[in-house]
Structure formats: structure tokens, C-alpha cells
Amino acid sequence: MNYNADLFHVHKYCFPTSFDHGHSHRIIGVSSLGIRRGNTHVHCYRGVTTLDNGHVHNYGGETGPALHLPGGGHIHCYRGITTFEDGHRHAYEGTDFPSCS
């Protein structure tokens, strides 16, 4: 396996934020290409939440390292806090597996 070639992929992500200030948002996007971190890799991500309750929040960060799946492939974990807007912010946590409906 050519590890450098394995970095040329992205991940789609989709998950809800925490429920704060009477509402939640969705975080939906596509990560950057892989970035080598020792014997694994991570991805950068950033974007704007869905418009809910009349406003949006920005978010961004770096995924956790690759978590290999028993049947092959891998996923990454996302975790962070959105920007402060309209008097509050939201926490978020999710993986590459699309979970938005």
C-alpha cells in the first residue's frame, strides 16, 4: 500500500450540534485531503452550520486520527464548539458516517 497515495481522499460528515438556547443546528460538509500524522492521518474541516432559529454558527478543526473498521476502510471523529452567535454557542461531536436525516 502506498501510504502517500492513501492521503488523497476526503470524508463527508453530517451530524447535529447540541441543543442549546432552545434549538440545535446541523453540521454538514466535506473534509480536506488527508494530512500525515506519524503512522496515521487526520483531516481539516470547517464550515457554517445550517440556518436555524434565525442564525448560523461557524465551526472548524482537525479530525481525530483514522479509526480502522473491521471490514476495511476507516472513519474519523469530529469534536468541537461553534462560534458564539446570538448569545450562545453549540458543542458538536460526530463521525464520518452520515447521520442527518
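You'll find the structure just up there.
This write-up is about the structure you can find in this document.

Conventions we followed
- Residues numbered from 1 in each chain as written.
- Predicted model: local features only at pLDDT ≥ 70, side-chain atom pairs only at ≥ 80, totals over all residues.
- Heavy atoms only, no water.
- Helix = DSSP H or I, 4+ residues; strand = E, 2+ residues; numbered from the N terminus.
- Contact = heavy atoms within 4.5 Å.
- Polar contact = N/O pair within 3.5 Å; in protein donor to acceptor, adjacent residues only side chain to side chain.
- Salt bridge = Lys/Arg side-chain N within 4 Å of Asp/Glu carboxyl O.
- Buried < 20%, exposed > 50% of the residue type's maximum accessible area, 1.4 Å probe, protein only.

Notes on the environment of T63
Here T63 shows up in the loop between β6 (58-62) and β7 (67-68). Between the C-alpha atoms of T63 and G34, which are 29 residues apart in sequence, the distance is 9.9 Å. T63 has contacts with V42, H43, Y45, H76, C77 and Y78, leaving out every residue within four places of it along the chain. Within polar-contact distance, the side chain of T63 engages the side chain of H76 at 3.4 Å.

Examining the environment of L51
Note on placement: L51 falls in the loop between β5 (44-48) and β6. Put simply, L51 and H25 are 26 residues apart on the chain and 7.1 Å apart in space, counted from C-alpha to C-alpha.

Points about the pattern of salt bridges
Taken as a whole and assessed by the stated rule, the structure comprises two salt bridges. Across the pair E62 and R37 runs a salt bridge, and its minimum N-O distance is 2.8 Å. On the criterion of sequence distance, the pair formed by E62 in strand β6 and R37 in strand β3 (residues 35-37) is long-range, its members being 25 residues apart. For E62, a relative accessible area of 39% translates into the label partly exposed. Residue R37 is classed as partly exposed on the basis of its relative accessible area, which comes to 38%.

Things to note about unusual backbone geometry
You will see that H21, though not glycine, has its phi angle at about 60°, which is positive. Within the fold, H21 resides in the loop between β1 (12-16) and β2 (26-30). A positive phi angle is found at D86, which is not glycine, with a value near 50°. Position of D86 among the secondary structure elements: in the loop between β9 (77-81) and β10 (91-95). Here D86 falls in the partly exposed class, since its relative accessible area comes to 47%.

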